[in-house]
Number of protein chains: 2
Amino acid sequence: MTLHYERDPGAIYAASFATIRAEAPIDRLAPDLQPLAIRLIHACGMVDLIEDFEASGDVVACAHSAIEAGKPILCDTKMVASGIIASRLCGNEIVCTLDDERVPGLAIREGTTRTAAAVELWRHRVEGAVVVIGNAPTALFHLLACLDDGWPKPAAILAFPVGFVGAAESKAELAANPRGVPFATVHGRRGGSAMAAAAVNAVSAGLVEETAR
Amino acid sequence: MTLHYERDPGAIYAASFATIRAEAPIDRLAPDLQPLAIRLIHACGMVDLIEDFEASGDVVACAHSAIEAGKPILCDTKMVASGIIASRLCGNEIVCTLDDERVPGLAIREGTTRTAAAVELWRHRVEGAVVVIGNAPTALFHLLACLDDGWPKPAAILAFPVGFVGAAESKAELAANPRGVPFATVHGRRGGSAMAAAAVNAVSAGLVEETAR
C-alpha cells in the first residue's frame, strides 16, 4: 500500500497559509500584524485563535528593529529557545536562564516558581531586548512587577503563557497596562512555546516561505 | 502597585490538575490513560482536547516499559526533545536527527520534507523505541510508510503533528491502522511540540507533581 500525501515543503507552506487566510479574517488586521497572526495560527492549527489575538500596532517594527540591532532574545523556557530559527536572526543571543545554577535557590528564597526566578536574572540584559514567554504565567507577572519596580524596558514583549492558573490573568494585566512596552499576546488559557517561538520567527523574517520557492 | 498572583509551584500544579478534572470528563478514560490526557490538556490549556484524544489501552504501559528498558526516544523536532524532562527518564537517549548533515540531501533526493527525511535515519534505532512526533505530518506519514515496508516496530507512537496540511489525515491513518503499534494521538488540526513532550513526560512519570509537595 502506498500512502498519498503532500511532501513538497513549499506546497505545504503555501496551502497552510492559504487555508489560514481563507478561514480567519486576517485582512482585518493591520498589514504589519498579519504575518504574525498567520504564524501563530500556523503553529497551533486553530484559525479561531485570531479572536483572542491582541497586539500593539508597533510591536512588529519594534521587535524587528531590536533583532536587527543585535539585542538578545530572552526566553522563559528552553522549548521556546529551541523553536527560534536562528538563521533568520542577526546573530542575536538566545537567552534562557532557567538552568542557571542560582535559579533553584532564588525560587525558594522568593517563594516563587523557577521560571519567575529565572526572569530575575534578566535584569542586566532586558533593556531593548525582545522578551518571549511561552510557558509560565508567573514569568510574565514577575516581569511586569520588575518593570513596575523601575527596570529598563525591553523593546517588545511576546507573551504566550498557557494554562489554567494565571495565564489569562497575566495576559489581561499586560494588555490593560503594557508599561509602555509594545506587546503581542493571545488572551485566555491558550498559548505555549510553539506560538512563542513562531512569534519570534514572524517578527524576525515574516512569512519568508511564501517567497522562498 | 503590587501584583497578586499564585506563585507556589505545587499550588499551581494542584489547581491546574483540579481544574482539568472538574472541566473535562477525565474519569471516563481508563485509569492508565488519565495522567496522559491530563498532561496533554495541561500543555495546551484546552479542556475540550479530550474530545479528540484517542489512545491504545496499552500505550502507557508499553511506552513506560520501553523507557524503563533504556530504549531511545525518537523526536521529530528539537522543540519536542527540549520539552522532555530528562531527570524523569532512565538515562534514555533523546534523539532528533533533523540536524544530521545527511538530511538536506536526503530530503531533496526523496522529494520530501526535512522532517520526513530525518525519520529515514531512525531505521536502525526504531525497534522498541518510543517515537514522538510533535510537528510534521510528513514525519508521521513517512514512519507509517516505513512500517509498511517492514521496519521493526517501535514500542509506541505518540503522534501530535499539527496544522492544516496532512495533520488530521496522518493521525486518522495511524488510528485506522496502527500497524500493531500502541499509539496516542489528538485528532484534527491540533497538536504540537508541547503536547508531544507532555506525552513523554506523562508516560515516563505520570503526574508526579501531585504527590511531590
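Note that the structure is a prediction, hence the values are computed from the model and not measured.

Some remarks on the confidence of the model for chain A
- A residue-level look at chain A finds 98% of positions with pLDDT of 70 or above and a mean pLDDT of 96.
- On the interface metric, ipTM, the complex scores 0.96, and its pTM is 0.96.

Some thoughts on the interface of chain B and chain A
- With 43 residues of chain B in contact, the opposing surface of chain A contributes 43 residues.
- Between chain B and chain A the total buried area reaches about 3,400 Å² when both faces are included, carbon and sulfur atoms providing 69% of it.
- Our count for the chain B to chain A interface comes out at 2 salt bridges.
- Our enumeration of links across chain B and chain A arrives at 5 residue pairs in polar contact (both at pLDDT 80 or more).
- Looking at the side of chain B that touches chain A, the elements that each hand over two or more residues are α1 (9–23), α2 (34–44), α4 (78–83), α7 (137–148) and α9 (193–205) of chain B.
- Considering each element in turn, the side of chain B that touches chain A owes the most residues, 7 residues, to α1 of chain B.

Here we look at the nonpolar core
- Counting residues in each nonpolar core, the largest one holds 94 residues, and the members touching the most others are L36 and L158 of chain A together with L36 and L158 of chain B.
- Those residues in contact with L158 of chain A that lie beyond four places of it in its chain are V59, V130, V131, V132, I133, A184, A199, V200 and V203 of chain A.

Concerning the relation of the copies chain B and chain A
- Rotating chain B by 180° about the axis while translating it 0.0 Å along that axis superimposes it on chain A, leaving an RMSD of 0.0 Å. Between the two chains, the operation in question is that of a two-fold axis. Rotation axis and chain B: the residue whose C-alpha lies nearest the axis is M79 of chain B, separated from it by 2.6 Å.
- A symmetric contact is evident, with 100% of the interface residues of chain B recurring at the interface of chain A.

Notes on helix α9 (residues 193–205) of chain A
Residue and element names in this part refer to chain A.
- Helix length check: α9, at 13 residues, gives a terminal C-alpha distance of 18 Å against a target of 18 Å (1.5 Å per residue), a fit within 8%.
- Extensive coverage of α9 is indicated by the burial of 11 of its 13 residues.
- Among all positions in α9, only S193, M195, A196, A197, A198, A199, V200, N201, A202, V203 and S204 are buried.
- Following α9 by one or two positions, G206 has its phi on the positive side, about 65°.

Concerning unusual backbone geometry
- Its identity is not glycine, yet R179 of chain A carries a phi of approximately 55°, on the positive side.
- Its location among the elements puts R179 of chain A in the loop between α8 (167–176) and β6 (183–186).

As for the side chain of S56 of chain A
- Looking at where S56 of chain A falls in the secondary structure, it is placed in the loop between β1 (53–55) and α3 (59–68).
- Apart from the residues within four sequence positions on either side, S56 of chain A is in contact with L33, V181, P182 and F183 of chain A.

Here's the deal with the UniProt feature "domain: Cobalamin biosynthesis precorrin-8X methylmutase CobH/CbiC" (unreviewed entry) in chain A
- The sites that carry the UniProt feature "domain: Cobalamin biosynthesis precorrin-8X methylmutase CobH/CbiC" (unreviewed entry) are, in the present numbering, residues 12–203 of chain A.
- Taken end to end, residues 12–203 of chain A is 45% helix and 10% strand, and its two terminal C-alpha atoms sit 21 Å from one another.

Quick notes on the packing of α2 of chain B against α9 of chain B
All names here are of chain B.
- Contact pair α2 / α9: the axes reach a minimum separation of 8 Å and the direction vectors enclose 150°. The two elements α2 and α9 meet at a crossing, and its hand is right-handed. Only A194, M195, A198, A199, N201 and A202 of α9 make contact with α2, whose side of the interface consists of P35, L36, R39, L40, A43 and C44.
- Of the residues in the contact of α2 with α9, the class split is 10 nonpolar, 1 polar and 1 charged.

The rules we used
Residues numbered from 1 in each chain as written. Chains lettered and ligands numbered in written order. Predicted model: local features only at pLDDT ≥ 70, side-chain atom pairs only at ≥ 80, totals over all residues. Heavy atoms only, no water. pLDDT = per-residue confidence, 0-100. Contact = heavy atoms within 4.5 Å. Buried area = accessible area lost by both parts, 1.4 Å probe. Salt bridge = Lys/Arg side-chain N within 4 Å of Asp/Glu carboxyl O. Polar contact = N/O pair within 3.5 Å; in protein donor to acceptor, adjacent residues only side chain to side chain. Helix = DSSP H or I, 4+ residues; strand = E, 2+ residues; numbered from the N terminus. Core = buried A, V, L, I, M, F, W, Y, C linked by side-chain atoms within 4.5 Å. Buried < 20%, exposed > 50% of the residue type's maximum accessible area, 1.4 Å probe, protein only. Least-squares fit on C-alpha atoms with pLDDT ≥ 70 in both. Expected span 1.5 Å × (residues − 1). UniProt positions renumbered as here; feature names shortened; annotations may be inferred. Axes fitted to C-alpha atoms, helices over the stretch in contact; angles between N-to-C directions. Left-handed = near helix turned anticlockwise from the far one by under 90°. Nonpolar A, V, L, I, M, F, W, Y, C, P; charged D, E, K, R; others polar.

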